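Understanding the architecture of this molecule
For reference, the chains in residue letters:
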Amino acid sequence: GGVTTIDPGFKNTGSCKSAITFLDGEKGILRYRGYAIEELAAEASFLEVSYLLIFGELPTAEQLEKFDQDIKDNSMVDEDIHKILDAFPKNAHPMGVLTSLTSALTAFNPKAVDISSEEDMYNAIVILMGKFPVLVSWCMRKMKGEPLDYGDVDLSYEENFAKMMFKKPNKEYQINKIVIDALDKLLILHADHEQNCSTSTVRIVGSSHAGLFASISAGISALWGPLHGGANQAVIEMLEAIKEDGGDFEKYLAKAKDKQDPFRLMGFGHRVYKNFDPRAKIIKVAAEEILKDLDIEDPVLDIARGLSEAALSDEYFKSRNLYPNVDFYSGIIYRALGIPVEMFTVLFAMGRLPGWIAQWKEMRENKEPIGRPRQLYVGETLRPYVSIDKR
Ligand code: CMC
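Residues numbered from 1 in each chain as written. Predicted model: local features only at pLDDT ≥ 70, side-chain atom pairs only at ≥ 80, totals over all residues.

**Things to note about the site of the ligand**
Near the ligand lie 16 residues; those nearest to it are A231, R264, L265, F268 and G269. A per-class count over the shell around the ligand returns seven nonpolar, five polar and four charged. (Near = placed C-beta within 6 Å. Nonpolar A, V, L, I, M, F, W, Y, C, P; charged D, E, K, R; others polar.)

**Some points on the pairing of strand β1 (residues 21-24)**
The two faces of a sheet get side chains in turn, since along a regular strand they alternate between them. Of the strand pairs in this sheet, β1 and strand β2 (residues 29-32) are connected by four bridges, and their pairing is antiparallel. Along β2, the bridge assignment pairs L23 with L30. Count of turn residues in the β1/β2 antiparallel hairpin: four residues, of which G28 carries a positive phi of about 70°. (Pairing = 2+ DSSP bridges. Helix = DSSP H or I, 4+ residues; strand = E, 2+ residues; numbered from the N terminus.)

**Quick notes on the UniProt feature "active site" (unreviewed entry) in the protein**
Per the UniProt record, the feature "active site" (unreviewed entry) sits at H270 and D327. These annotated residues cover 58 residues of sequence, but their C-alpha atoms sit close together, with the largest distance between any two at 10.5 Å. Tracing the backbone shows H270 in the loop between α12 (249-257) and α13 (278-293). With residues near it in sequence (within four places) discarded, H270 still touches D277 and N325. You can see D327 is positioned in helix α16 (residues 327-336). Sequence-distant contacts of D327, defined by excluding residues within four places in its chain, comprise A231, N232, V235 and G267. (UniProt positions renumbered as here; feature names shortened; annotations may be inferred. Contact = placed C-beta atoms within 7 Å.)

**Description of the domain arrangement of the protein**
Each domain of the protein was delimited in the assignment, giving domain 1 (20-226 + 343-365) and domain 2 (231-336). Measuring from the centre of the C-alpha atoms in domain 1 to the corresponding centre in domain 2 gives 27 Å. On the side of domain 2, 23 residues touch domain 1, which itself brings 20 residues to the contact. Elements with a contribution of two residues or more to the side of domain 1 that touches domain 2: β2, α1 (37-43), α8 (177-189) and α17 (344-365). A total of five residues in the side of domain 1 that touches domain 2 trace back to one element, the largest contributor, which is α8. (Domains from an automatic or database assignment.)

**Overview of the nonpolar core**
Counting 105 residues, the largest nonpolar core has L98, L128, L135, I333 and V346 as its most contacted members. Looking at this core element by element, the count peaks at 13 residues for helix α6 (residues 118-144). Counting contributing residues, this core receives three or more from each of domain 1 (20-226 + 343-365) and domain 2 (231-336). (Core = buried A, V, L, I, M, F, W, Y, C linked by C-beta atoms within 7 Å. Buried ≥ 20, exposed ≤ 12 C-beta atoms within 10 Å, placed from the backbone.)

**Some thoughts on the environment of V77**
Residue placement: V77 occurs in the loop between α3 (61-72) and α4 (79-87). Note on V77: 22 C-beta atoms within 10 Å, which makes it buried. Spatially, the C-alpha atoms of V77 and G130 are 8.8 Å apart, while their sequence positions differ by 53 residues. When sequence neighbours within four positions are dropped, the list of residues in contact with V77 reads H82, K131, V134 and L135.

**As for the sheet that holds strand β3 (residues 35-36)**
Strands belonging to one sheet form pairs held by backbone hydrogen bonds; the direction of such a pair is parallel or antiparallel. Spatially, β1-β2-β3 is the arrangement adopted by the three strands of the open sheet, whose pairing is antiparallel. Every other strand in the sheet has two partners, leaving β1 and β3 as the edge strands with one partner each.

**Considerations on helix α9 (residues 197-206)**
Most of α9 is tucked away: eight of the 10 residues are buried. When we look at burial in α9, the residues that qualify are S198, T199, T201, V202, R203, I204, V205 and G206. The secondary structure elements touched by the buried residues of α9 are α10 (212-224) and α17.

**What about the packing of helix α2 (residues 46-55) against α3?**
One can describe the packing of α2 onto α3 by two numbers: an axis separation of 11 Å at closest approach and a directional angle of 100°. For the element pair α2 / α3, the angle class is roughly perpendicular. Note on element contacts: α3 touches α2 through Q63, L64, F67 and D68, opposite L47, E48 and Y51. Residues of the contact of α2 with α3, tallied by class, amount to four nonpolar, one polar and two charged. (Axes fitted to C-alpha atoms, helices over the stretch in contact; angles between N-to-C directions. Parallel < 35°, antiparallel > 145°, perpendicular 65-115°, else oblique.)

Structural data, given as structure tokens:
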């Protein structure tokens, strides 16, 4: 028989058991494998957090070194993938380019598709962890018309990523600790968020035993949407619009409160967090520090500050438990680092990669059945076929 009830948006449907990320929306708690997000963002590196999410424990120095080396051994990207990238128009959205190139990894690494042992799984994971940052940096360099760069195996995972992103031609790249720390923090804060839209996509595609790269490519497509990862771009566009409009944020606050006006304060509110978003607290402090350290005066930060302070003391926002979310300040940091606005969601994907991998691995290891929801049929009952001349 069919089902009698449905749950659009799966608001109240659990899809799996998971031991990866704990989230308490009422209390504003986020933990990866039992470790508080605040502590990880302050103390750990992105690669350590990736290991933690994927394998369940913080690595020893030796385990981390091996993981790092295996990733580096797999960080070369086939020149033919470079040719695929060349064929895209320069103004293509980098999320579309990234999802295509990630999917193309399947064709270039056919042995990594069938997963029948722990070793197969490990190999697919280090291939993806190795090549993905190269693809991310290529997406941005292509957009900016800059020559593509390959990694530098003498650097750490995060330093190497920064170098691939920011190295200018004919110029020695100087490691900037402030930039590395900022990137590290942002990537860690985005690394996992349990069964969100893109993660559920990765798990459901993977549940058909499609390979890891195809599953992650589907996750990137899901993340692309403005209701999900695309929100970080919308925040900066809103703050820019307020700036252009003379900086009068009170006017926008009034618009957001006006029920006749569809305008919403971008970067405010969250489906799960109803007290505060713990990631937003960390990012706000980081944004203030980074702009100060890099000696950048961004009028948009002043607008963000004023707008959030005004909203936080406003009865409309207070009574509805609306607080700044992770996206409210992340764009300000990306901008300070010289990353174009279209790339913001790509950076989100870079951060979310280890979470997607961990969730895919858990789903395969738990031998979860193929994802196949039911429906409530509301269409026509049986009708006789009518030939075309009689319609
Ligand atoms: N500005 C003004 N009013 C708002 C806002 C906002 N940003 N968010 C919610 N409200 C009001 C809403 O109008 C409703 O009021 P009322 O009860 O009078 O009808 C009440 O607050 C509850 O809102 P809701 O739409 O029922 O809440 P939801 O849980 O369905 O939506 C949300 C959550 C994040 C989609 C929503 O808050 C929103 O649209 N925020 C702006 C977009 C945004 O920043 N998205 C990024 C989310 S975090 C990134 C991620 O994890 O992917």
